[in-house]
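As a plain string of letters, each chain reads:
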Amino acid sequence: MGSPGPSVAITGIGVVSPFGAGRDRFWRSIVAGTSGVVSVTGAAMDHLTSRVSAHVPDAAIGEAESVASEFPTNGDARSDLRRSAKVSRIAVLVAREAIRDAGIDPTAADIGVVVGSGAGGIDVAERQYGDYYSGDYHRVSPYAIPVSIVGIVSSEISIALGLRGPSHVLSTGCTSSTDAIGYAAGMVRHGEADVVVTGGADACATPGMLFGFGRMRAASTHFNDRPTEASRPFDRDRDGFVLGEGAWILTLERLDRARARGARVYATVDGYGSTCDAYHRVQMDPEGVEIVRCMQIALSRAGRQPGDIGYVSFHGTSTVLNDAVESRCVRQVFGAAADRVPGSSIKSMIGHPQGASGAAGIVASAMALAEGMLPPTINLQNQDPDCNLDYVANVARRASVDFALCNCLGFGSKNSAIVLGRA
């Protein structure tokens, strides 16, 4: 047992979230227990059963573009973001923020890109296929395919910033960005790149996606008139998740390299685990055997015991089965210590940003380790007896934590977990 190879440091963080642009705004908002969930309106939404989302507003993209305007781009070869899907626009802007936050010259290091995304440019795909099927063939852009495929997201970052290291997208559903960060940490640890820009981005609060999740009966429908109360993990009245959006991007590099150049280190990425229930396309295995094993693998690879963990970032989607199963699995992993380990689900505030959700939780956990503050689970008014752990209910908590365990669980029976350490 033990971490293979050198330690991997998080030295830069960039965020665009439902709260707006910037890491600090995201952190202040979740510590304050602010909800980013709003009502969705418009003719295309009138027939939806779930009419709430935590989407990234256009104003937030404008703010991020203003902040990034002075950042060097790749000259004539840079990506034309005006033609890009929303997911690529926010991913590029946030990657710029993360690199600048790390104090890295993008031209002076071998920088790779490994990001996770579930839906890619679904907004473009929905509009363009809508034009095609309605007979408006002349409205279908020649860029429709290249800007909508999920694999383009990392390329947009690499092209815009002139990053010539490996450029990959992992699309494993909800676990996409946790898997991306796990793979990126391995690349840094084994010397495949000096720095890796990693994390996740999804911008899928579109009419088609909202309708599809509604048909699946996975999305919240009971709080359409009270959107800020709709996402309520572990609460007895929860009735489904709220579709979210955002981009959470990190820069990873070797800890010794970061220390040598005097960089700020938010946290270290110490261990990564991934398993598959091999059970169902959508439903979680109620036994949770592979969820437990996933957490145990991450702990083992980090060289840690459950008793070392001081905070758990729950996947906590606000769905009836998933919250209860995850809670039972955490209790099984931690045993008698489970009642003493606080944890929370920031999805209560940002909804479920699909493939970016793991990165969102990891950013929040890294900030929690660095700042000594645990974000709350809001809307936890009547705790479900089947969810019987400490979820930092409603109000943030001051705490000094050395290690955090970040869970991410997804459709297709996928489970991923990462252990972070305080720098």
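Residues numbered from 1 in each chain as written. Predicted model: local features only at pLDDT ≥ 70, side-chain atom pairs only at ≥ 80, totals over all residues. Heavy atoms only, no water.

J.: How should the nonpolar core be read in this particular structure?
T.: Counting 48 residues, the largest nonpolar core has Ile-10, Phe-26, Trp-248, Leu-252 and Leu-420 as its most contacted members. No other element matches helix 13 (residues 357–371), which puts nine residues into this core. In this structure, Val-16, Ala-102, Ala-160 and Ala-201 belong to the second largest nonpolar core, which totals 35 residues. (Core = buried A, V, L, I, M, F, W, Y, C linked by side-chain atoms within 4.5 Å. Buried < 20%, exposed > 50% of the residue type's maximum accessible area, 1.4 Å probe, protein only. Helix = DSSP H or I, 4+ residues; strand = E, 2+ residues; numbered from the N terminus.)

J.: In this structure, what is going on with the pattern of salt bridges? I would like to understand it.
T.: Here the idea is simple: oppositely charged side chains can pair when their charged atoms come close. On inspection of all chains with the given rule, the structure shows 19 salt bridges. Residue Glu-253 pairs with Arg-261 through a salt bridge whose shortest N-O separation is 2.6 Å. For Glu-253, a relative accessible area of 0% puts it in the buried group. Between Arg-293 and Glu-290 there is a salt bridge, and its shortest N-O distance comes to 2.8 Å. (Salt bridge = Lys/Arg side-chain N within 4 Å of Asp/Glu carboxyl O.)

J.: Honestly, the environment of Asp-237 in this entry has me stumped. Any pointers?
T.: Here Asp-237 is to be found in the loop between helix 8 (207–216) and strand 8 (245–254). Given the relative accessible area of 36%, Asp-237 is considered partly exposed. In contact with Asp-237, other than residues within four places in its own chain, are Phe-223, Arg-232 and Asn-382. (Contact = heavy atoms within 4.5 Å.)

J.: Looking at this structure, how should I read the side chain of Ser-148?
T.: Within the secondary structure, Ser-148 sits in helix 5 (residues 144–148). Leaving out residues up to four positions away in the same chain, Ser-148 has contacts with Gly-120, Gly-121, Val-124 and Ala-125.

J.: Just to check I follow, could you spell out the state of the cysteines for this structure?
T.: Disulfides are covalent bonds that connect the sulfur atoms of two cysteines. One pass over the full model with this rule turns up zero disulfides. Unpaired in terms of disulfides, Cys-204 finds its nearest cysteine sulfur in Cys-174, a separation of 9.1 Å. The class for Cys-204 is buried, based on a relative accessible area of 0%. (Disulfide = S-S within 2.5 Å.)

J.: Looking at this structure, how should I read the side chain of Asn-407?
T.: Here Asn-407 is to be found in strand 14 (residues 403–410). Look at Asn-407 and you get buried, because its relative accessible area is 7%. When sequence neighbours within four positions are dropped, the list of residues in contact with Asn-407 reads Met-295, Val-312, Ser-313, Phe-314, His-315, Glu-326, Val-330, Ser-416 and Ala-417.

J.: Teacher, can you tell me more about helix 3 (residues 86–102) here?
T.: An α-helix turns once every 3.6 residues. As a result, residues three or four positions apart point the same way. In this model helix 3 runs 25 Å from its N-terminal to its C-terminal C-alpha over 17 residues, within 8% of the 24 Å that 1.5 Å per residue would give. Of the residues trailing helix 3, Gly-103 is marked for its positive phi of about 70°. (Expected span 1.5 Å × (residues − 1).)

J.: Would you mind going over the packing of helix 1 (residues 23–31) against helix 13 with me for this structure?
T.: Any two packed helices are characterised by how steeply their axes cross, that is the angle between the axes, and by the distance between the axes. At a closest axis distance of 11 Å, the pairing of helix 1 and helix 13 adopts a crossing angle of 80°. As judged from the angle between their axes, helix 1 and helix 13 are roughly perpendicular. On the side of helix 1, the interface is formed by Arg-23, Phe-26, Trp-27 and Ile-30, while helix 13 contributes Ala-360, Val-363, Ala-364, Met-367, Ala-368 and Glu-371. A per-class count over the contact of helix 1 with helix 13 returns eight nonpolar, no polar and two charged. (Axes fitted to C-alpha atoms, helices over the stretch in contact; angles between N-to-C directions. Parallel < 35°, antiparallel > 145°, perpendicular 65-115°, else oblique. Nonpolar A, V, L, I, M, F, W, Y, C, P; charged D, E, K, R; others polar.)

J.: I keep staring at the pairing of strand 15 (residues 414–422) and nothing clicks. Help me out?
T.: Look at any regular strand and the pattern is simple: side chains alternate between the two faces of the sheet. Among the nine residues in strand 15, seven count as buried, and that is most of the element. Alignment of strand 9 (residues 267–276) against strand 15, held across nine bridges, turns out to be antiparallel. Its bridge partner being in strand 15, Cys-276 is matched across the sheet by Lys-414. Note that strand 14 and strand 15 share eight bridges and pair antiparallel. Bridge pairing in strand 15 places Phe-403 opposite Gly-421. Where strand 14 folds back onto strand 15 in an antiparallel hairpin, the turn is made up of three residues, including Gly-412, whose phi is positive at roughly 80°. (Pairing = 2+ DSSP bridges.)

J.: Explain the environment of Ile-145 to me, please; I cannot follow it from the model alone.
T.: Relative to the elements of secondary structure, Ile-145 occurs in helix 5. On the basis of relative accessible area, Ile-145 is assigned to the exposed category, the value being 56%. Once the C-alpha coordinates of Ile-145 and Arg-236 are considered, the two residues, 91 residues apart in sequence, prove to be 43 Å apart.

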